[in-house]
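Listed below are the residues making up each chain.
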Amino acid sequence: MVFFPIVAASEKAEEDNIPLYGWEEQNLLTMTNTPVVDYQEVVRWFLKMKEMGFNIKQIGLDKKFGREFHLEGKKSRIKNRRYSTALLSKIRRL
(Lines give C-alpha, C1' and ligand atoms only; values in the text may rest on other atoms or scores of the structure.)
Protein backbone atom coordinates (compact mmCIF):
# COMPACT_ATOMS: atom_id res chain seq x y z
CA MET A 1 0.00 0.00 0.00
CA VAL A 2 1.19 3.50 -0.82
CA PHE A 3 0.11 6.59 1.10
CA PHE A 4 0.20 10.05 -0.46
CA PRO A 5 -1.03 13.47 0.75
CA ILE A 6 -4.04 14.56 -1.30
CA VAL A 7 -3.01 18.25 -1.22
CA ALA A 8 0.11 17.43 -3.27
CA ALA A 9 -1.43 14.77 -5.53
CA SER A 10 -2.46 16.85 -8.55
CA GLU A 11 0.86 18.66 -8.80
CA LYS A 12 2.92 15.49 -8.34
CA ALA A 13 0.79 13.48 -10.78
CA GLU A 14 1.23 16.14 -13.49
CA GLU A 15 4.86 16.92 -12.75
CA ASP A 16 6.07 13.30 -12.76
CA ASN A 17 3.33 11.79 -14.95
CA ILE A 18 2.27 9.44 -12.14
CA PRO A 19 -1.25 7.91 -12.23
CA LEU A 20 -1.95 8.59 -8.55
CA TYR A 21 -5.71 8.85 -8.98
CA GLY A 22 -5.80 5.63 -11.01
CA TRP A 23 -3.86 3.85 -8.28
CA GLU A 24 -6.32 5.21 -5.73
CA GLU A 25 -9.26 3.86 -7.77
CA GLN A 26 -7.54 0.44 -7.89
CA ASN A 27 -7.05 0.57 -4.08
CA LEU A 28 -3.28 0.55 -4.48
CA LEU A 29 -2.90 3.98 -2.90
CA THR A 30 -4.49 5.80 0.02
CA MET A 31 -4.78 9.59 -0.10
CA THR A 32 -4.25 11.25 3.27
CA ASN A 33 -5.99 14.50 4.26
CA THR A 34 -2.80 16.06 5.56
CA PRO A 35 -0.06 18.18 3.89
CA VAL A 36 2.39 15.32 4.45
CA VAL A 37 1.77 11.66 5.18
CA ASP A 38 0.78 11.13 8.81
CA TYR A 39 2.77 8.06 9.84
CA GLN A 40 0.35 7.31 12.66
CA GLU A 41 -2.33 6.87 9.99
CA VAL A 42 -0.09 4.34 8.23
CA VAL A 43 0.49 2.46 11.49
CA ARG A 44 -3.28 2.44 12.15
CA TRP A 45 -3.86 0.97 8.67
CA PHE A 46 -1.42 -1.90 9.32
CA LEU A 47 -2.94 -2.57 12.74
CA LYS A 48 -6.40 -2.66 11.12
CA MET A 49 -5.14 -5.18 8.53
CA LYS A 50 -3.76 -7.37 11.33
CA GLU A 51 -7.11 -7.18 13.15
CA MET A 52 -8.83 -8.28 9.94
CA GLY A 53 -6.75 -11.45 10.04
CA PHE A 54 -3.87 -10.63 7.70
CA ASN A 55 -0.69 -12.30 8.93
CA ILE A 56 1.74 -9.43 8.39
CA LYS A 57 5.12 -10.70 9.50
CA GLN A 58 7.29 -7.80 8.41
CA ILE A 59 7.06 -4.52 6.49
CA GLY A 60 9.80 -3.19 4.24
CA LEU A 61 10.30 0.55 3.94
CA ASP A 62 12.67 3.11 2.52
CA LYS A 63 15.47 4.20 4.88
CA LYS A 64 15.50 7.70 3.43
CA PHE A 65 11.79 8.47 3.81
CA GLY A 66 10.56 5.91 6.33
CA ARG A 67 12.27 6.89 9.59
CA GLU A 68 9.13 8.28 11.24
CA PHE A 69 7.06 5.25 10.24
CA HIS A 70 9.82 2.96 11.50
CA LEU A 71 9.72 4.62 14.93
CA GLU A 72 5.90 4.73 15.11
CA GLY A 73 5.70 1.11 13.97
CA LYS A 74 8.13 -0.02 16.65
CA LYS A 75 5.99 1.67 19.31
CA SER A 76 2.98 -0.30 18.05
CA ARG A 77 4.98 -3.52 17.77
CA ILE A 78 4.86 -3.62 13.99
CA LYS A 79 7.99 -5.38 12.80
CA ASN A 80 9.54 -3.39 9.99
CA ARG A 81 12.83 -3.41 8.16
CA ARG A 82 14.45 -0.40 6.55
CA TYR A 83 15.98 -0.79 3.09
CA SER A 84 18.10 1.58 1.01
CA THR A 85 16.38 3.56 -1.72
CA ALA A 86 18.69 1.98 -4.33
CA LEU A 87 17.70 -1.56 -3.28
CA LEU A 88 13.98 -0.71 -3.35
CA SER A 89 14.42 0.74 -6.87
CA LYS A 90 16.02 -2.51 -8.02
CA ILE A 91 13.22 -4.57 -6.47
CA ARG A 92 10.55 -2.44 -8.19
CA ARG A 93 12.19 -3.07 -11.59
CA LEU A 94 12.04 -6.87 -11.21
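On a predicted model such as this, the values are computed, not experimentally measured, just so you know.

Conventions we followed
- Residues numbered from 1 in each chain as written.
- Predicted model: local features only at pLDDT ≥ 70, side-chain atom pairs only at ≥ 80, totals over all residues.
- Heavy atoms only, no water.
- Helix = DSSP H or I, 4+ residues; strand = E, 2+ residues; numbered from the N terminus.
- Buried < 20%, exposed > 50% of the residue type's maximum accessible area, 1.4 Å probe, protein only.
- Contact = heavy atoms within 4.5 Å.
- Areas by Shrake-Rupley, 256 points an atom, 1.4 Å probe, with all protein chains shown as cover.
- Core = buried A, V, L, I, M, F, W, Y, C linked by side-chain atoms within 4.5 Å.
- Salt bridge = Lys/Arg side-chain N within 4 Å of Asp/Glu carboxyl O.
- Expected span 1.5 Å × (residues − 1).
- Arc of directions from axis to C-beta.
- Polar contact = N/O pair within 3.5 Å; in protein donor to acceptor, adjacent residues only side chain to side chain.
- Phe/Tyr/Trp six-rings, centres within 6.5 Å; stacked < 30°, edge-to-face > 60°.

Draft legend 1. Examining the overall build of the protein chain more closely. Within the protein chain one finds five helices and four strands. Counted from the first residue to the last, the protein chain has its helices and strands arranged as β-α-α-β-α-β-α-β-α. The buried share of the protein chain, taken over its 94 residues, is 27%. Within the protein chain, contacts between residues at least 6 apart in sequence are counted, and of these 48% link residues at least 24 apart. Accessible surface computed for the protein chain: about 7100 Å², of which carbon and sulfur atoms make up 52%.

Draft legend 2. The nonpolar core, seen in detail. Counting residues in hydrophobic clusters, the biggest one holds six residues: Phe4, Ala9, Ala13, Leu20, Leu29 and Met31. Elements with a minimum of two residues in this core: α1 (6-16) and β2 (29-32). Apart from residues lying up to four places away in sequence, leucine 29 is in contact with Met1, Val2, Phe4, Leu20, Trp23 and Glu24. Ranked by size, the runner-up nonpolar core spans five residues in total, among them Phe3, Val42, Phe46 and Ile59.

Draft legend 3. Representation of the pattern of salt bridges within the structure. As enumerated under the stated definition, the model contains one salt bridge in all. For aspartate 16, the salt bridge is made with lysine 12, and the minimal N-O distance between the two is 2.5 Å. Here aspartate 16 and its partner lysine 12 are both found in helix α1, four residues apart, which amounts to about one turn of the helix. For aspartate 16, a relative accessible area of 35% gives the class partly exposed.

Draft legend 4. Highlighting helix α3 (residues 39-51). In this model, α3 (13 residues) spans 18 Å end to end at C-alpha, consistent with the 18 Å of a helix rising 1.5 Å per residue. Looking at α3, one finds that the buried residues are Val42, Val43, Phe46 and Met49. Down the axis of α3, the buried set is contained in an arc of 120°. They therefore lie on one face. At the N-terminal boundary of α3, the capping side chain belongs to aspartate 38, with an oxygen 3.0 Å from the backbone nitrogen of glutamine 40. Of the residues flanking the end of α3, it is glycine 53, one or two places downstream, whose phi is positive at about 105°.

Draft legend 5. Quick look at the packing of aromatic side chains. In the structure shown here, the tally under the stated rule is two aromatic pairs. Between tryptophan 45 and phenylalanine 46, the aromatic rings sit 4.9 Å apart at their centres with planes inclined by 85°, giving edge-to-face as the arrangement. When its relative accessible area of 22% is taken as the criterion, tryptophan 45 is described as partly exposed. By way of ring pairs, the aromatic residues Phe3, Trp45 and Phe46 are connected into one cluster.

Taken by themselves, the reported measurements are silent on function.
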